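Now for the letters of each chain:
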Amino acid sequence: MSSLALVALVVRDYDEAIAFYTDALGFDLVEDTDRGDGSRWVVVRPPAGSDGAAAGTGLLLARAKNGEQDSRVGDQTGGRVGFFLHTDDFARDHARMTAAGVRFLEEPRHEPYGSVVVFEDLYGNRWDLLQPAVGNG
């Protein structure tokens, strides 16, 4: 069986990205290895679910290496939501993220597929915080 292990996210600075994803979003820092050439292999991942389920796909925080990559920081999906963070407790995580200063672009919505709200990461990439409705997870 195959699984999607990592998705690269181009960032401006390793440490500010680590701080945002671990402090504001509550992700775990899985790896931070100096590669010896000025770059690092940095992986963050949402923690395991409260039901004991293993954490899912991680983010490889990849520092932009040139002007073209730097121009993509914060707009890697053309302005649309490109990342989907599932939660098992929408109200808890929305309140925690709000207290941590995460910028939400709308009020929470309750749709047939679940509770959802769009937020931006520190660079402006758009994310959904989503608690799927029972049977839609």
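Because the structure is a prediction, the values reported are computed rather than measured.

Student: In this structure, what is going on with the sheet that holds strand β1 (residues 6–11)? I would like to understand it.
Tutor: In space, the 4 strands of this open sheet follow the order β1-β4-β3-β2, with mixed pairing throughout. Of all the strands in the sheet, just β1 and β2 (28–34) have a single pairing partner and so form its edges. Averaged over all adjacent pairs, the angle separating strand axes in this sheet is 25 degrees, with direction ignored. Bridge count between β1 and strand β4 (residues 58–63): 6 bridges; the pairing is parallel. Considered in β4, the bridge of L9 is made with L61. Packed onto the sheet, helix α1 (residues 14–24) meets β1, β2, β3 (40–45) and β4 and runs at close to 10 degrees relative to β3.

Student: What should I look at first to understand the pattern of salt bridges in this one?
Tutor: Pairing of side chains with opposite charge becomes possible as their charged atoms draw close. Under the definition given, this model contains 10 salt bridges. Between D70 and R12 there is a salt bridge, with the nearest N and O atoms lying 3.6 Å from each other. A residue pair is termed long-range when its members are at least 10 positions apart, and D70 in helix α2 (residues 67–72) and R12 in the loop between β1 and α1 qualify at 58 residues. For D70, a relative accessible area of 33% puts it in the partly exposed group. One salt bridge connects D93 with R92, and the closest N-O pair in it is separated by 2.9 Å.

Student: Just checking my understanding: could you explain helix α3 (residues 90–99) for this structure?
Tutor: Since the α-helix advances by 3.6 residues per turn, residues separated by three or four positions end up pointing in the same direction. All of the buried residues along α3 are F90, D93, H94 and M97. All buried residues of α3 project into a common sector of 100 degrees when viewed along the axis, lining one side. Exposed and facing more than 90 degrees away from the buried side of α3 are A91 and A99.

Student: Just to check I follow, could you spell out the nonpolar core for this structure?
Tutor: A general feature of soluble globular proteins is that nonpolar side chains tend to end up buried together. Y21, L61 and F119 are the most contacted members of the largest nonpolar core, which totals 28 residues. When residues of this core are assigned to their parent elements, the largest contribution, 6 residues, is made by α1.

Student: Just checking my understanding: could you explain the packing of aromatic side chains for this structure?
Tutor: How two aromatic rings sit relative to each other is given by the distance of their centres and the angle of their planes. Counted according to the given criterion, the structure contains 7 aromatic pairs. On the numbers, 6.0 Å between centres and 50 degrees between planes, the contact of Y21 with W127 is tilted. Taken together, the positions of Y21 in helix α1 and W127 in strand β9 (residues 126–132) put the pair 106 residues apart, joining distant regions of the chain. For W127, a relative accessible area of 3% translates into the label buried. A centroid spacing of 5.8 Å and a plane angle of 20 degrees characterise the contact between F119 and W127, whose relative ring orientation is stacked.

Student: Whenever I open this one, α1 confuses me. Can you help?
Tutor: For α1, every residue scored as buried is listed here: Y14, A17, I18, F20, Y21 and A24. One side-chain oxygen of the residue at the start of α1 lies 3.0 Å from the amide nitrogen of D15, identifying that residue as D13. Directly beyond the C-terminal end of α1, a positive phi value near 80 degrees is found at G26.

Thresholds applied
- Residues numbered from 1 in each chain as written.
- Predicted model: local features only at pLDDT ≥ 70, side-chain atom pairs only at ≥ 80, totals over all residues.
- Heavy atoms only, no water.
- Pairing = 2+ DSSP bridges.
- Helix = DSSP H or I, 4+ residues; strand = E, 2+ residues; numbered from the N terminus.
- Axes fitted to C-alpha atoms, helices over the stretch in contact; angles between N-to-C directions.
- Contact = heavy atoms within 4.5 Å.
- Salt bridge = Lys/Arg side-chain N within 4 Å of Asp/Glu carboxyl O.
- Buried < 20%, exposed > 50% of the residue type's maximum accessible area, 1.4 Å probe, protein only.
- Arc of directions from axis to C-beta.
- Core = buried A, V, L, I, M, F, W, Y, C linked by side-chain atoms within 4.5 Å.
- Phe/Tyr/Trp six-rings, centres within 6.5 Å; stacked < 30°, edge-to-face > 60°.
- Polar contact = N/O pair within 3.5 Å; in protein donor to acceptor, adjacent residues only side chain to side chain.

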